[in-house]
Amino acid sequence: MTQVPHALASLCLQDKVIVVTGGNSGIGKAIVEVVGSLGAKVVIDYRSHPERTEELIDEVGELGGRSIGVQADVSKLEDLQQLIDTAVQTFGKIDVMVNNAGIETRTSILDTSPEDFDNVMNVNLRGVFFATQYAAKQMISQGSGGRIINISSVHEDWPMPNNTPYCVAKGGVRMLTRTAGVELADKGVSIVNVGPGAVATPINDSTMNDPELLAKLNAAIPIGRMAQPAEIASVVAFLAGNGASYMTATSVFADGGIMMSSPGL
Ligand code: BGC
């Protein structure tokens, strides 16, 4: 009979090695905090603000976890490889790769410059593609397999006018997860997207600092408010554990119902 994890054991991340890109702010930071407190060994990738990473490492230690920081820009392939190598050198393996780092330009198709387009693609799609490739190779060669969790967005499927490059990249991540998830299933590597709606993180500062825009956004969300980063991180923590062993090649949304929002007209 297949071993089914006990409900509580399925949430325990004891000794799992988890890499989180963009791990020192926003949703990434919340993921580091929750998986660290559940016993994971965490590799915090970050691009800037080493002091924030140091503070986070201390915080994870106070929560009873262990973590290290690695400065790596996910849009640079040599940095990505170095991130994977450092994780393996330090903790011996990678069980879960969380591709969280992301940027957006909030530009329309009409005024997106080639530089804007390339920057968004390089971080949000190319970086995720090659982090998936490098992590999957490691997971296959270590023999135990592993899981890749991509922090996508409701906008992997739902248009956001005036944020076109972002939507294009997230749509790519949707198909990356479906296609690579199918390709790698028999090699023990599963891939799942988490699609947050609007979350109170620095990426949404411009909305949060504009009371009129914020009121409009809240009104469009059936739950009536933006998410806190911890409300996305808890979904990721579940997906990182053994309780999610039958999930692959799909997306899970935590969006307060925004994608289903309807004025009832
Ligand atoms: C985007 C935000 C947007 C939110 C809800 C996120 O993925 O980064 O700019 O407000 O989705 O639409």
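Everything discussed here concerns the structure shown above.
Note that the structure is predicted; figures quoted are calculated from it, not measured.

A. How the structure looks around the overall build of the protein chain. The number of helices and strands found in the protein chain is 8 helices and 7 strands. Against the compact-globule benchmark of 18 Å for 265 residues, the protein chain has a radius of gyration of 18 Å, which places it among compact chains. In the protein chain, which comprises 265 residues, the proportion classed as buried is 47%. Long-range contacts, defined here as pairs at least 24 residues apart, represent 72% of the contacts in the protein chain between residues at least 6 apart. A total of about 12600 Å² of accessible surface is found on the protein chain, and carbon and sulfur atoms cover 56% of it. In the protein chain, 18 side chains carry a positive charge and 28 a negative one; their mean positions are 6 Å apart.

B. Layout of empty space enclosed by the protein. Considering all chains together, one arrives at 2 cavities of 30 Å³ or more under this definition. As for the largest cavity, its lining consists of Asn99, Asn100, Ala101, Asn124, Val128, Asn150, Ile151, Ser152, Lys170 and Val173. Mapped onto the lining of the largest cavity, the elements with two or more residues apiece are helix 4 (114-142), strand 5 (146-151) and helix 5 (164-184). Looking at side-chain class alone, the lining of the largest cavity contains 4 nonpolar, 5 polar and 1 charged residues. Counted as a void, the second largest cavity has a volume near 30 Å³. Lining the second largest cavity, in full, are Thr21, Val74, Asn99, Ala101, Val123, Gly127, Val128 and Ala131. Residue composition of the lining of the second largest cavity, grouped by class: 5 nonpolar, 3 polar and no charged.

C. Representation of the side chain of Asn124. Looking at the element boundaries, Asn124 is found in helix 4. Other than its neighbours up to four places away in sequence, Asn124 contacts Ala101, Gly102, Ile103, Tyr166, Ala169, Lys170 and Val173.

Calculation rules
Residue positions are given per chain, counted from 1 along the sequence in the order it is written. The predicted nature of this model means local features are confined to residues of pLDDT at least 70 and side-chain atom pairs, given and counted, to a pLDDT of 80 or more, with totals for whole chains, interfaces and linings taken over all residues. Excluding hydrogens and water, the side-chain figures rest on all heavy atoms present in the structure. Helix numbering and strand numbering both begin at the N terminus, where a helix is a DSSP run of H or I of at least 4 residues and a strand a DSSP run of E of at least 2. We take the radius of gyration over the C-alpha atoms and set the globule estimate at 2.2 Å times the residue count to the 0.38 power. Partly exposed residues are those whose accessible area sits between 20% and 50% of the maximum for their type, while under 20% is buried and over 50% is exposed, using a 1.4 Å probe and protein chains only. Whether two residues touch is decided by their heavy atoms; if any such pair falls within 4.5 Å, the residues are in contact. We get accessible surface area from the Shrake-Rupley algorithm with a probe of 1.4 Å; when it comes to residues, only the shown protein chains can shield them. The convention is simple: Lys and Arg are positive, Asp and Glu are negative, and His and the chain ends are not counted. A charge is said to be at NZ when it belongs to Lys, at CZ for Arg, at CG for Asp and at CD for Glu. Lining residues are defined by having an atom within 4 Å of a point belonging to a cavity or pocket. Those points lie on a 1 Å grid over the protein atoms alone, cavities being sets where a 1.4 Å probe fits but cannot get out and pockets being open sets with protein on both sides within 12 Å along at least five of seven lines. Grid points are joined across faces, edges and corners, and a volume is the space filled by probe spheres set on the points. Note that Gly is not counted as nonpolar here; it falls among the polar residues with everything else outside the nonpolar set of Ala, Val, Leu, Ile, Met, Phe, Trp, Tyr, Cys and Pro and the charged set of Asp, Glu, Lys and Arg.

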